[in-house]
Every structure is written in structure tokens, then in C-alpha cells.
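# Residue-level structure breakdown
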Protein chains: 2
Amino acid sequence: MTRVLVTGARGFVGRHAIAHLQARGFEVHGVTASAVAPEDGSIRWHRADLLDANDRRQLVGAAAADVLLHLAWYAKPPGYWHDPVNMRWLSATLDLVQLFAERGGRRVVGTGTCAEYDWSHGLCTERVTPLSAASLYASTKAACGEVLQAYGARAGVGVAWARLFFLFGPHDDPSRFVPSMVTALEANQPWRCHSGNHVRDFLYVEDAAAALAALAASPVEGPVNVASGRPIRLGDLAADIAGRMGRAHLVTIEPGGPQHASVTADVRRLHHEVGWRPACDPGEALARTIRWWSATGRRQVPA
Amino acid sequence: MTRVLVTGARGFVGRHAIAHLQARGFEVHGVTASAVAPEDGSIRWHRADLLDANDRRQLVGAAAADVLLHLAWYAKPPGYWHDPVNMRWLSATLDLVQLFAERGGRRVVGTGTCAEYDWSHGLCTERVTPLSAASLYASTKAACGEVLQAYGARAGVGVAWARLFFLFGPHDDPSRFVPSMVTALEANQPWRCHSGNHVRDFLYVEDAAAALAALAASPVEGPVNVASGRPIRLGDLAADIAGRMGRAHLVTIEPGGPQHASVTADVRRLHHEVGWRPACDPGEALARTIRWWSATGRRQVPA
């Protein structure tokens with residue numbers, strides 16, 4: 001049984017990835033920084049602060065994994081774009097992968113971001129569209145992917161670099177597009193879409209987790225966009241959400257400027273090399289997300 | 001008086017940089033990992049292992065510098081191209097610069113390499129020619145430059161990234177082109193140039209040190225090629241050296257294959273923005289280098 005070590009296993013994407021990895025036959029080991037043992041007893045948990053060198057060393061030895069799915073990083077909006085801690089996550093990741101490779105690990109799936117691409121190009125194609133360093137987050141993620149691929153090529157470790165596009169679903173950060181809109185409308189507050197004509201690629205988090213599990217189980221190396229391949233105008237997405245919630249009267253949609261008007265993913269590698277396509281119905285995924293955030297919003301309203 | 005902290009101050013380039021920095025009015029502080037205090041009393045020396053986090057912190061506090069000229073890295077041929085220690089130097093550099101910026105440092109000159117560029121393009125122009133990840137050394141250097149620029153832009157620290165091309169001079173690694181040829185001919189051994197038709201940009205190390213001092217004193221930010229701007233065929237360089245040593249009969253020059261036939265530097269930023277051009281006469285520089293390596297070669301011959 002192939003053993004996979006998942007960092008960020010209790011995060012937005014990681015919590016959904018566990019079942020998909022198990023369904024593909026992996027024995028899953030998860031990492032948590034929390035002192036409290038997670039309730040999910042279906043996997044083996046390891047406690048580690050990944051920014052601590054000793055913790056990393058102990059973790060890699062204890063997990064003795066074949067595959068590393070590395071999701072952990074600092075990603076709290078809006079500060080994460082420029083927080084210097086991005087550099088510590090870069091350093092910690094390089095060290096973690098080296099320890100993992102030296103311990104006998106065979107395959108690494110790291111997670112990058114669509115923000116690595118120069119968005120002035122619109123369509124983002126792996127190894128074709130130039131990368132950009134518009135933020136420290138994007139710069140450190142891009143650096144991480146490039147260095148890990150160079151290291152892996154010599155260390156005999158397969159390295160895939162999943163570039164996640166725009167995700168939505170339960171457990172997201174509440175300040176992001178879908179959660180902030182749903183919780184505002186749930187509270188009967190007006191909501192403004194500032195870039196209605198801008199096109200983005202949104203993927204349901206459950207699908208993203210399934211794609212990462214498929215990538216982990218595949219031999220594909222190098223950068224791979226993880227996205228739906230179904231670009232949508234933000235104004236259309238906002239109108240859909242407002243309509244489903246019956247609160248279109250609370251929503252104002254502005255067109256937005258020309259800069260970064262389109263950020264779409266080339267998903268040919270994901271479809272044809274990894275062999276994965278989204279499985280969740282987009283409408284049902286959006287309905288589930290709205291229900292989850294509506295309930296969360298109601299719980300957070302002061303009594 | 002502006003204080004500059006020079007890492008790698010006893011290295012191939014660093015040892016030449018000190019006088020040029022002093023000539024530009026800097027108060028120079030140098031870093032050495034050696035336990036023995038260097039003999040040069042004209043600058044203030046700090047002892048530090050830059051791969052040690054505590055040493056870095058103490059160094060930055062003790063030096064209290066305005067400018068950081070960061071030359072230290074692992075660069076021992078041929079292992080340095082793929083040694084995993086490149087990743088530790090990347091991490092150490094990011095941490096050093098962050099400590100320096102948080103301590104009040106204002107300007108960083110980091111040192112990259114022409115190997116960052118994709119050599120299939122021939123001419124290397126900053127911010128135009130694509131970068132490549134053909135080795136871990138090149139990949140970590142490129143990553144370092146990109147991340148430091150993104151960090152500096154927010155931290156209020158000016159970051160210049162000097163991409164050094166091919167250097168020659170005293171104190172180089174003896175396995176490199178010029179030293180290996182001179183010491184072979186000095187020992188009356190045959191020497192073979194494998195890529196005689198290949199074009200490279202060679203700069204005398206004294207000039208490189210002067211260019212770095214000029215860059216440190218300038219406000220120029222971003223990547224800057226540090227090169228002579230005078231491309232030369234390796235076969236012509238070899239014939240020049242052999243002629244000066246009177247040992248052309250020992251030298252065989254092969255043309256070499258088409259791959260990476262030309263690696264030349266666009267020096268417009270160096271000339272027009274930094275305002276620096278090579279000062280040493282190329283023939284005299286080569287003569288001095290031959291004398292130094294000939295003497296070194298004679299000393300190393302077993303008695």
C-alpha cells in the first residue's frame with residue numbers, strides 16, 4: 001500500500017483530499033500543527049510545526065511516506081500576498097522535500113497558484129505563459145516549483161507542481177468572493193461586484209481535492225493547472241448566486257477595468273496527461289456552497 | 001559614511017571588491033567563516049557561518065550596515081551545479097536579507113549568474129531573455145533574485161541582482177577554463193579546447209569587483225548583467241593564451257557542437273544605468289592572470 005503524507009491536511013483543500021486519496025488506494029498520513037488530536041480516526045495523524053526544522057525531520061522519519069502531497073503554506077487573505085513569512089514557507093518546503101527524498105520518498109506533489117502566471121496573457125498554459133512576480137506569495141510559489149523540479153530531476157524524485165486556480169466551497173476563507181457574497185446576502189446586506197466583466201476559472205474545492213489525488217496517483221511531472229476549464233464572468237457568477245438566494249435586489253455589478261480582465265486555465269495537461277476532469281455538477285456544487293455559507297453566516301450573526 | 005557589509009569577502013570576487021568599495025567611500029565590513037582573523041586590517045571583519053540562523057542574526061546586528069553586497073554561496077566546480085546545498089544557500093540568503101531589512105538596511109546587491117538565462121537564446125538581456133532551470137544552482141540563483149526583488153519592493157529595500165558572466169583572474173577555481181589551461185601549459189602538458197567555436201563573455205575579476213562596487217553605490221534595481229560586452233571565441237582565447245606562453249604546440253582546438261554556441265551579455269543596463277565600463281586593459285589583465293596561475297602552477301608541482 002502506497003503511503004502518502006499530506007501537509008495542510010486540515011485546511012480548505014486538504015480536508016477534502018483525504019477521502020479521494022483513500023479511494024485511490026493510498027494509506028494517508030496527515031500533518032496538523034494543532035495540539036488537539038483531530039477527530040478523524042480514518043487516517044494516521046502527525047503533529048508538526050512545518051516551520052520548525054526539528055519537527056520536519058521527526059515528521060519525515062515517523063511518516064516514512066512514499067508520496068508527499070504538500071498543501072501547507074500561509075494563505076490568509078489579504079496579508080498573505082506580501083507577508084515575509086512566504087519566504088520561510090519556501091525555505092521550509094525545500095528542506096522538507098530534501099528530507100523526504102533522502103528518507104526514500106519517491107514522488108512529490110507541491111501546490112502552486114495561478115498567481116504565478118503573468119496575467120496580462122489571459123490564457124495560462126504550463127511552460128508557455130511567462131511567470132510573473134507581482135507579489136511575494138506568487139514569487140515564492142513560483143520559485144518553489146522551479147527549484148523543486150530542478151532538485152527532483154537529480155534526486156530521483158518525481159515532482160509535480162499543481163497550480164490551483166480559483167476555488168470555492170465550504171471552509172474557504174470568508175473574505176473570498178463566494179463566501180463574502182453569500183454571507184452578505186444572507187445578512188440582507190447590499191453587495192457589490194467590482195469586476196463583473198472579468199473572467200476567472202472557478203473549481204469546486206471537492207473537485208480540486210480529487211484532481212490532486214489523481215495527480216498524486218499519476219506519474220505526471222512538472223507544472224499542471226488544476227482548474228475547471230470553464231471560465232465564467234464574475235458578474236454571471238454573482239447573478240447566479242443572487243438568483244439562487246432570491247436576493248438579486250441587494251447586488252450591484254460593476255464592469256471592472258481592463259487590467260487582468262481574463263485569467264483562464266489551459267487544462268489540457270490535466271485532462272489528457274493526468275486523465276482527470278471535474279466530476280461535481282457545477283450548479284449542485286454552487287448550491288451546496290451557498291447552503292454551507294448561509295448556515296455559517298447565520299451562526300455568526302450576534303444574538 | 002555609508003557602511004557596506006560584504007559576504008564572501010575573502011572569495012574570488014569579494015577579495016577584489018573591498019578596495020573598490022573603499023574607493024567609492026564605503027566603510028567596509030567583511031564576513032568570513034574562518035576562525036583565523038584575516039590579515040587585512042583595513043576593514044572590519046565579522047566571523048559568521050551564513051548557513052547558521054543564529055550567526056546570521058548576530059552578524060546583522062553587529063554590522064549595522066546600510067548596504068549588503070552578498071557574494072557568498074557554494075560555487076565549487078563541478079559539484080555546485082546540482083548540490084542540494086544550493087537550497088540551503090537560497091534559504092539562508094532570504095533570511096539574511098530579511099534580517100538586514102528589518103535592522104534598517106536600505107540596499108541589497110545580490111549576485112546571480114548568466115546560467116539563470118536560457119542559453120538557447122544566445123544574447124542575454126535582463127527581463128527579456130527567458131530564464132531556465134537547467135541546474136539546481138541556476139534555479140536557486142534565479143529564484144533568489146526573483147523573490148528578493150518581490151520582497152524588497154514591499155520592504156522598502158532597493159534590490160539589485162548582478163548576473164555575473166564568465167570571470168577570470170587570480171584566486172579563481174583551478175578547474176576553470178583559464179587556470180586549467182595555464183597550469184597545464186606551465187607543466188608542459190597538452191591541453192584540449194573542446195568548444196573552440198563557442199562564444200562567451202569573459203570579464204577580468206578586478207573589473208567584476210569594480211562593477212559590483214559601482215552597482216552598490218548606484219540606485220539601480222533589478223537584474224543587471226555584469227560582463228565585458230566583448231564576446232570572444234573560446235578558440236581565440238585559447239590561442240591568445242598559448243601564444244603568450246609560447247606553447248601553442250601543446251594546444252588542440254576542437255570546434256564544439258551547436259548547443260549553447262553563443263552566450264553573450266547585453267550590457268546596456270551596466271553601461272547606461274549603472275554608468276560603468278571595464279577599466280582594465282584586456283590584454284594586460286590576461287597577462288597578469290597568466291603570470292599568477294603560472295606561478296601558482298609552479299608552486300604546486302611536487303618537488
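Look above for the structure.
The following refers to the structure shown. Remember, predicted model here, so these are calculated numbers, not experimental data.

Reading the values: the criteria
Residues numbered from 1 in each chain as written. Chains lettered and ligands numbered in written order. Predicted model: local features only at pLDDT ≥ 70, side-chain atom pairs only at ≥ 80, totals over all residues. Heavy atoms only, no water. Helix = DSSP H or I, 4+ residues; strand = E, 2+ residues; numbered from the N terminus. Buried < 20%, exposed > 50% of the residue type's maximum accessible area, 1.4 Å probe, protein only. Contact = heavy atoms within 4.5 Å. Buried area = accessible area lost by both parts, 1.4 Å probe. Salt bridge = Lys/Arg side-chain N within 4 Å of Asp/Glu carboxyl O. Polar contact = N/O pair within 3.5 Å; in protein donor to acceptor, adjacent residues only side chain to side chain. Nonpolar A, V, L, I, M, F, W, Y, C, P; charged D, E, K, R; others polar. Core = buried A, V, L, I, M, F, W, Y, C linked by side-chain atoms within 4.5 Å. Pairing = 2+ DSSP bridges. Axes fitted to C-alpha atoms, helices over the stretch in contact; angles between N-to-C directions. Phe/Tyr/Trp six-rings, centres within 6.5 Å; stacked < 30°, edge-to-face > 60°. Lys NZ or Arg CZ within 6 Å of the ring centre and 35° of its normal.

We now examine unusual backbone geometry. Following P77 of chain A, the chain continues into P78 of chain A via a peptide bond in cis, with omega recorded as -10 degrees. Looking at the secondary structure, you find P78 of chain A in the loop between β4 (67–70) and α3 (85–102). Located in the positive-phi region is R127 of chain B, a residue other than glycine, with phi close to 65 degrees. The residue R127 of chain B is located in the loop between β6 (123–124) and α4 (136–155) in this model. A residue is classified by how much of its surface remains accessible, and R127 of chain B, at 60% relative accessible area, is exposed.

It is common to give the size of an interface as the accessible area that goes away when the parts come together. Contacts between chain B and chain A engage 18 residues on the former and 18 residues on the latter. Of the roughly 1700 Å² buried at the junction of chain B and chain A (both faces included), carbon and sulfur atoms supply 72%. Three residues, H82, M87 and V147 of chain B, lead the burial of chain B against chain A; their summed loss comes to 28% of the area buried on that side. The tally of links from chain B across to chain A stands at 0 salt bridges. Viewed at the interface, chain A and chain B are joined by 7 residue pairs in polar contact (both at pLDDT 80 or more). Elements that contribute at least two residues to the side of chain B that touches chain A include exactly α3 (85–102) and α4 of chain B. In terms of residues, the side of chain B that touches chain A owes the most to one element, α4 of chain B, which gives 9 residues. Classifying every residue of the side of chain B that touches chain A gives 10 nonpolar, 6 polar and 2 charged.

With 68 residues, the main nonpolar core has L90 and L94 of chain A together with L90 and L94 of chain B as its most contacted residues. When contributions to this core are tallied by element, the ones reaching two or more residues are α2 (53–63), α3, α4 (136–155) and β7 (158–164) of chain A together with α2 (53–63), α3, α4 and β7 (158–164) of chain B. Non-local contacts of L90 of chain B, meaning those with residues more than four positions away in its chain, are made with L94 and V147 of chain A together with W73, T140, A143 and C144 of chain B.

To continue, consider the sheet that holds β7 of chain B. Sheet strands associate in pairs through backbone hydrogen bonding, adopting either a parallel or an antiparallel arrangement. Residues and elements named next belong to chain B. Strands sit in the order β3-β2-β1-β4-β5-β7-β11 across an open sheet of 7 strands; the sheet is parallel. In this open sheet, the two edge strands, each paired with only one partner strand, are β3 (44–47) and β11 (222–226). Taken over all neighbouring pairs, the strand axes of this sheet differ in orientation by 25 degrees on average, direction set aside. Pairing of strand β1 (residues 3–7) with strand β2 (residues 27–32), which is carried by 4 bridges, proceeds in the parallel orientation. Note that in β2 the partner of V6 across the bridge is G30. Of the strands in this sheet, β1, β2, β3 and β4 (67–70) are in contact with helix α1 (residues 14–23), which crosses β2 at around 160 degrees. Running over the sheet, α3 touches β1, β4 and β5 (107–113) and is turned about 170 degrees from β4.

On to the packing of aromatic side chains. Geometrically, a pair of aromatic rings is defined through the distance of the ring centres and the angle of the planes. Residue and element names in this part refer to chain A. Taken as a whole and assessed by the stated rule, the structure comprises 24 aromatic pairs over all chains. Seen in terms of ring centroids, F177 and F202 are 6.2 Å apart; in terms of plane orientation they differ by 50 degrees. Their pairing is tilted. In this pair, F177 sits in helix α5 (residues 177–186) while F202 sits in strand β10 (residues 199–204), placing the two residues 25 residues apart along the sequence. Summarising the burial analysis for this pair, F177 and F202 share the class buried. By the ring-pair criterion, three or more aromatic residues cluster together here, those being W119, F166, F168, F177, W191, F202 and Y204. R163 extends its terminal NZ or CZ atom over the ring of Y117, reaching a point 4.7 Å from the ring centre.

All we've got here are geometric facts, nothing functional implied.
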